[in-house]
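# Report on the structure
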Amino acid sequence: MSALVVSLHDVSPRTRPECETILAALARLGIGSCSLLVIPNHHHRGHFLQDPDFCQWLRGLSQEGHEIVIHGYYHQRPRRKAESMTAQLTTRLYTADEGEFYDLEEEPARERVAQAREEFRSAGLDPVGFIAPAWLLSGAAQRALRALGVSYTTRLGSVVDLQNPRTFASQSLVWSVRSAWRRATSLAWNACLARVLTRRPLLRISIHPVDWSHAAVKRQILDLATKTIARREALTYQNWIARQRAAAF
Ligand SMILES: [Zn+2]
């Protein structure tokens, strides 16, 4: 059976209420295994370890079959003084300064991910994957992930097994909701992309908490999820990668 991976991005104590609403809606559709991308210290506004109730909530979700994934550290990239036009366009227009790992060197990337992993472990969680904010991951940071033994990462257009090096092409559905024109474009693009991807073995739906503030976006996500789950099995990225490895031997 082909697979569906639903990922919920930007999970943190700040977004928990929206995340709970989204997960409840997905559970009602029969989607009980999602990859939850958790930000350790969202925009420097409070580390998740300082919220024991949040940690307890994550442990419960993990026991229910969801996967905890490390999603950056601060989810914020400080602007540099002299930046190329490409860097400016990528980090400001595309992501609103969220590209924390966009051009991070190997050592700082290694330090941040190792620290995050230790912190999750201290809370009784054991994430094996890392996904960069806005999927912007420098080559140096990807090398750091591999050296740290991180199992996999994903990009907008692929899922990458880091330990048995292999890249699986798979474009994720994702919505950009920062302005009316972005929302209109997203709705049209995702309707089209979902049709194109119908026969692919893996379909990825990436949801952000802010998507739920826009009725048309929320409706399209739930419609697509409903249609998709009828024909596909909901897996986490961790489980999906495990299946690809098993199939390769
Ligand atoms: Zn994010």
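Higher on the page you've got the structure.
Residues numbered from 1 in each chain as written. Predicted model: local features only at pLDDT ≥ 70, side-chain atom pairs only at ≥ 80, totals over all residues. Heavy atoms only, no water.

## Some details on the coordination of the zinc ion
Coordination angles at a metal have ideal targets, namely 109.5 degrees for four tetrahedral donors and 90 or 180 degrees for six octahedral donors. Taken together, the protein ligands of the zinc ion are D10 (OD), H71 (NE2) and H75 (NE2), with distances of 2.0 to 2.1 Å. Sequence spacing of the donors to the zinc ion: D-x60-H-x3-H. Exposure remark for H71: the relative accessible area of 1% places this residue in the buried category. A residue is classified by how much of its surface remains accessible, and H75, at 5% relative accessible area, is buried. (Donors = N, O, S within 2.8 Å, 3.2 Å for Na, K, Ca; no water. Buried < 20%, exposed > 50% of the residue type's maximum accessible area, 1.4 Å probe, protein only.)

## Describing the packing of aromatic side chains
Summed over the entire model, instances satisfying the criterion amount to seven aromatic pairs. Consider the rings of F48 and F120, whose centres lie 4.6 Å apart with planes at 25°: the pair is stacked. Of this pair, F48 sits in the loop between strand 2 (35-38) and helix 2 (52-64) while F120 is found in helix 4 (residues 106-122), placing the two residues 72 residues apart along the sequence. Judged on exposure class, the residue F48 and its partner F120 are both buried. With a centroid separation of 4.9 Å and an interplanar angle of 80°, the aromatic rings of F168 and W240 are classed as edge-to-face. Taken together, the residues span a long stretch of sequence, with F168 in strand 6 (residues 166-169) and W240 in helix 8 (residues 237-248) at a distance of 72 residues. The class for W240 is buried, based on a relative accessible area of 7%. An aromatic cluster is present here, built from F48, F54, W57 and F120 joined pairwise through their rings. (Phe/Tyr/Trp six-rings, centres within 6.5 Å; stacked < 30°, edge-to-face > 60°. Helix = DSSP H or I, 4+ residues; strand = E, 2+ residues; numbered from the N terminus.)

## What to know about the nonpolar core
Judged by nonpolar contacts, the single largest core of 58 residues is most densely connected at V11, I31, L58, F101, F130, I205 and I207. Looking at this core element by element, the count peaks at six residues for helix 7 (residues 215-229). Excluding anything up to four places from it in sequence, I207 contacts V6, S7, L8, H9, I22, L26, W212 and I221. (Core = buried A, V, L, I, M, F, W, Y, C linked by side-chain atoms within 4.5 Å. Contact = heavy atoms within 4.5 Å.)

## Quick word on helix 1 (residues 16-28)
Over its 13 residues, helix 1 runs 18 Å from end to end, which matches the ideal 18 Å to within 8%, given 1.5 Å per residue. Three or more residues of helix 1 are buried, namely R16, C19, I22, L23, A25 and L26. Where the residues of helix 1 are buried, they touch strand 1 (3-11), strand 2, helix 2, strand 8 (202-207) and helix 7. Backbone geometry just after helix 1 places G30 at a positive phi near 95°. (Expected span 1.5 Å × (residues − 1).)

## Looking at the sheet that holds strand 4 (residues 152-155)
Backbone hydrogen bonds are what pair the strands of a sheet, in a parallel or an antiparallel way. Spatially, three strands are ordered 4-5-6 in an open sheet, and the strand pairing comes out antiparallel. Two strands lie at the open edges of the sheet, namely strand 4 and strand 6, each paired on one side alone. Between one strand axis and the next, the sheet turns through 15° on average, direction left out of account. Bridging between strand 4 and strand 5 (residues 158-161) involves four bridges; their strand directions are antiparallel. Pairing of Y152 across the sheet is with D161, part of strand 5. (Pairing = 2+ DSSP bridges. Axes fitted to C-alpha atoms, helices over the stretch in contact; angles between N-to-C directions.)

## Quick notes on the packing of helix 1 against helix 2
To characterise two packed helices, one gives the angle between the axes of the helices and the distance between these axes. It is the contact of helix 1 with helix 2, at a shortest axis distance of 13 Å, that shows an interaxial angle of 20°. Relative to helix 2, the element helix 1 lies roughly parallel. Crossing geometry of helix 1 relative to helix 2 is assigned as left-handed. Within the contact between the two elements, helix 1 uses R16, C19, E20 and L23 and helix 2 uses D53, F54, W57 and L61. Across the contact of helix 1 with helix 2, the residue classes tally to five nonpolar, no polar and three charged. (Parallel < 35°, antiparallel > 145°, perpendicular 65-115°, else oblique. Left-handed = near helix turned anticlockwise from the far one by under 90°. Nonpolar A, V, L, I, M, F, W, Y, C, P; charged D, E, K, R; others polar.)

## Describing the side chain of T153
For T153, the position within the fold is in strand 4. By relative accessible area, which is 0% here, T153 ends up buried. Among the polar contacts listed, one links the side chain of T153 to the backbone oxygen of F130, at a separation of 2.6 Å. (Polar contact = N/O pair within 3.5 Å; in protein donor to acceptor, adjacent residues only side chain to side chain.)

## Observations concerning the packing of helix 6 (residues 180-196) against helix 7
For the pair helix 6 and helix 7, the least separation of the axes is 10 Å and the interaxial angle reads 10°. It follows from the interaxial angle that helix 6 and helix 7 lie roughly parallel. In this structure, helix 6 uses R183, S186, L187, N190, A191 and A194 to contact helix 7, whose residues at the interface are A216, V217, Q220 and L224. Considering only residue class, the contact of helix 6 with helix 7 consists of six nonpolar, three polar and one charged.

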